[in-house]
Amino acid sequence: MSDGTQTELQRGEPRRDPKRRKPMVGLQPEGDVDWSSYRGVLVVVEQRAGVAKPVSWQLLGEGRRLADKLDAPLLALVMGHQVAHLAEEAICYGADRVYLCDSPELRDYRTRPYSRVCLHVIRTFKPEIVLMGATYTGRDLAGAIATHLPTGLTADSTMLDVDEDRLLLASRPAFSEKMLATILCKQFKPQMATARAGVFEALPRDPSRTGEIITVPPQIPPEDIATEVLEFIAATDRVNLAEAEVIVAGGRGLGGPAAFAMLKELADALGGVVGASRAAVDLGWIDHRHQVGQTGTTVRPKLYFAIGISGAVQHVVGMQNAECIIAINKDPAAPIFQIAHYGIVGDLFQIVPAITEAVRARKAAGGLRADGEGVGFSLTGAGSGGPVRGAE
Ligand SMILES: Cc1cc2nc3c(=O)[nH]c(=O)nc-3n(C[C@H](O)[C@H](O)[C@H](O)COP(=O)(O)OP(=O)(O)OC[C@H]3O[C@@H](n4cnc5c(N)ncnc54)[C@H](O)[C@@H]3O)c2cc1C
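All values reported here derive from a predicted model rather than from experimental measurement.

**With respect to the site of the ligand**
Around the ligand, 25 residues are found, and the nearest of them are R252, S277, T295, S310 and N329. With respect to the ligand, the side chain of Q291 contributes an N or O atom lying 2.9 Å from an oxygen atom. Taken together, the elements giving at least two residues each to the shell around the ligand come down to helix 7 (278–282), helix 8 (313–316) and helix 10 (348–364). Across the shell around the ligand, the residue classes break down as 6 nonpolar, 14 polar and 5 charged.

As C-alpha cells, this is what we get:
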C-alpha cells in the first residue's frame, strides 16, 4: 500500500484502485463534430400506468414555442406498455412527430431500460434540444442520459428560450434561490433540460391536429434489465401539489397549526389538497411538502385559495398561474389582492367555515365545478367577513 493510498484511507475516503482510474476521455467531441444534423425539440412524455403527467403536456406547449422559433419540428418520445394512445395525445398537445416505444419491459419506470430507449432515439433521430419534467423520474432519466451521450443538462429549469445561434437558454434559480442562472450548452448536442412542473402552459388539446407516429423497437438487451419491480405502492400521505386542481393554502394568518384542519375540511369538500406559505412551514405548523412558492412547489391549479397569506413575491411566483385565485385576508392592502380574481377582506376564522358549509350545501344540491364558477357564486352569500370584491 503506498503512502498516498494510506492518506486516502485515513481520511475515510473510498478505496480506489489507482490502475482503474481513468482520465476523463470521451467528454470532448472527437475532432470537428458537425452538429448541424441535429434538429428539432424533443419532449420525453412521462406516464404511469398509461396516464401522462401534466408536465409532459406543459413541456409540449413550451417546446412548441421553442420549435417554432427555431423553425424546427416538435418531437415527442412516448415509452411504456400499452401507451399508443399517449402518442395520439402528444399530437393533440402540439407534437409534429412522436417516437413510440411500447414494450412490456417498459411497463414500470426503470433507469436502464428507459435510458437505453432514450439514447437510441436521441442518437438515431438527433434532436437539438431534449426536455423532460423535473420529476423524480425525469431527473433520474435525464442525468443517466446526459452522462452517456455525453452532453450538458440543466436541471429544474423555470424559464426556457433559444437565441439566434439556436442555443437553449435554460434558466433556473441557483444558490439557495438567491439568483437566477441562465445556463448554455455550447459545445454538445442535444442541449438538455429538465423543467419544473406547473411553470409552463400546455396548449389547449386539439384533436384535429395531425402528426406522424414512428414506432421504435425496444432493443433492450437482457443485461439492461437488472431490476424487477415487484409491486407499486402509492404513498397515501403524498401531497401532490403540482398536479392538484384545487389547492387551499394557508399562511401565518392562521395563527397556529390547528387552523390547518379547518383548511383541510374545505380542501376535502372541493376534492383538493392543502398548501402553505413558507412562514407557516418555517413555524413548524405544517410539513414542507405542502409549501408553495419559490423554494416550495410551483403550482397551476384551477382554483387556489390564499388564506391568511400576505402575497410575498416568493409565494406568488409559485401560484400566480392558477386559473382562479381567491384571497382571504383581513388586511385590505395585502399584496395578494393584486393578483386575486376574488378577494374577501375579513377574518378567515369566520369566512373559511362559511365557505366550506356553502360548498357542501351546493354539492348536496347537485354538483359543483372546480373552476371557481360555483364557488364564486357561493362566496357572495358567505360574506360574513366583509365585502367581496374582484381583483384589480
Ligand atoms: C429566498 C427566499 C425564498 C422564499 N421562498 C418562499 C416560498 O417558497 N414560499 C413562500 O410562501 N414564501 C417564501 N419566502 C418567504 C416570503 O418572503 C414570505 O415571508 C412568506 O411568503 C410570508 O408568508 P405569509 O404570507 O404566510 O405570512 P405573512 O407575510 O406574515 O402574512 C400573513 C397574512 O395573514 C393575514 N392575517 C392575519 N390574521 C388573519 C386573519 N385572522 N384573517 C385573515 N387574514 C389574516 C395578515 O393580514 C397577513 O397578510 C421566501 C423568502 C426568501 C427570502
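**Section: the nonpolar core**
Counting 34 residues, the largest nonpolar core has V41, W57, L60, V98, L131, L160 and L168 as its most contacted members. Element by element, the count of residues in this core is highest for helix 2 (residues 54–70), at 7 residues. Formed by 29 residues, the second largest nonpolar core is a distinct cluster that contains M262, V274, I326 and I355.

**Let's talk about the environment of I336**
Locating I336 in the fold gives a position in helix 9 (residues 336–339). For I336, a relative accessible area of 0% puts it in the buried group. The spacing of I336 and S310 is 26 residues in sequence and 5.7 Å in space, taken between C-alpha atoms. Those residues in contact with I336, other than ones at most four positions away along the chain, are A306, I309, S310, G311, M319, A327 and N329.

**Section: the packing of aromatic side chains**
Per the counting criterion, the structure on display carries 4 aromatic pairs. Seen from their ring centres, W35 and Y38 are 5.3 Å apart, and the 70 degrees between their planes marks the pair as edge-to-face. The exposure class assigned to W35 is partly exposed, which follows from its relative accessible area of 21%. Here the aromatic rings of Y99 and F125 are separated by 4.2 Å at their centres, their planes lie at 20 degrees, and the arrangement is stacked. Here the residue Y99 occupies a position in strand 5 (residues 97–102), and F125 occupies one in helix 4 (residues 111–125), the gap between them amounting to 26 residues.

Cut-offs used in this document
Residues numbered from 1 in each chain as written. Predicted model: local features only at pLDDT ≥ 70, side-chain atom pairs only at ≥ 80, totals over all residues. Heavy atoms only, no water. Near = heavy atom within 4 Å. Polar contact = N/O pair within 3.5 Å; in protein donor to acceptor, adjacent residues only side chain to side chain. Helix = DSSP H or I, 4+ residues; strand = E, 2+ residues; numbered from the N terminus. Nonpolar A, V, L, I, M, F, W, Y, C, P; charged D, E, K, R; others polar. Core = buried A, V, L, I, M, F, W, Y, C linked by side-chain atoms within 4.5 Å. Buried < 20%, exposed > 50% of the residue type's maximum accessible area, 1.4 Å probe, protein only. Contact = heavy atoms within 4.5 Å. Phe/Tyr/Trp six-rings, centres within 6.5 Å; stacked < 30°, edge-to-face > 60°.

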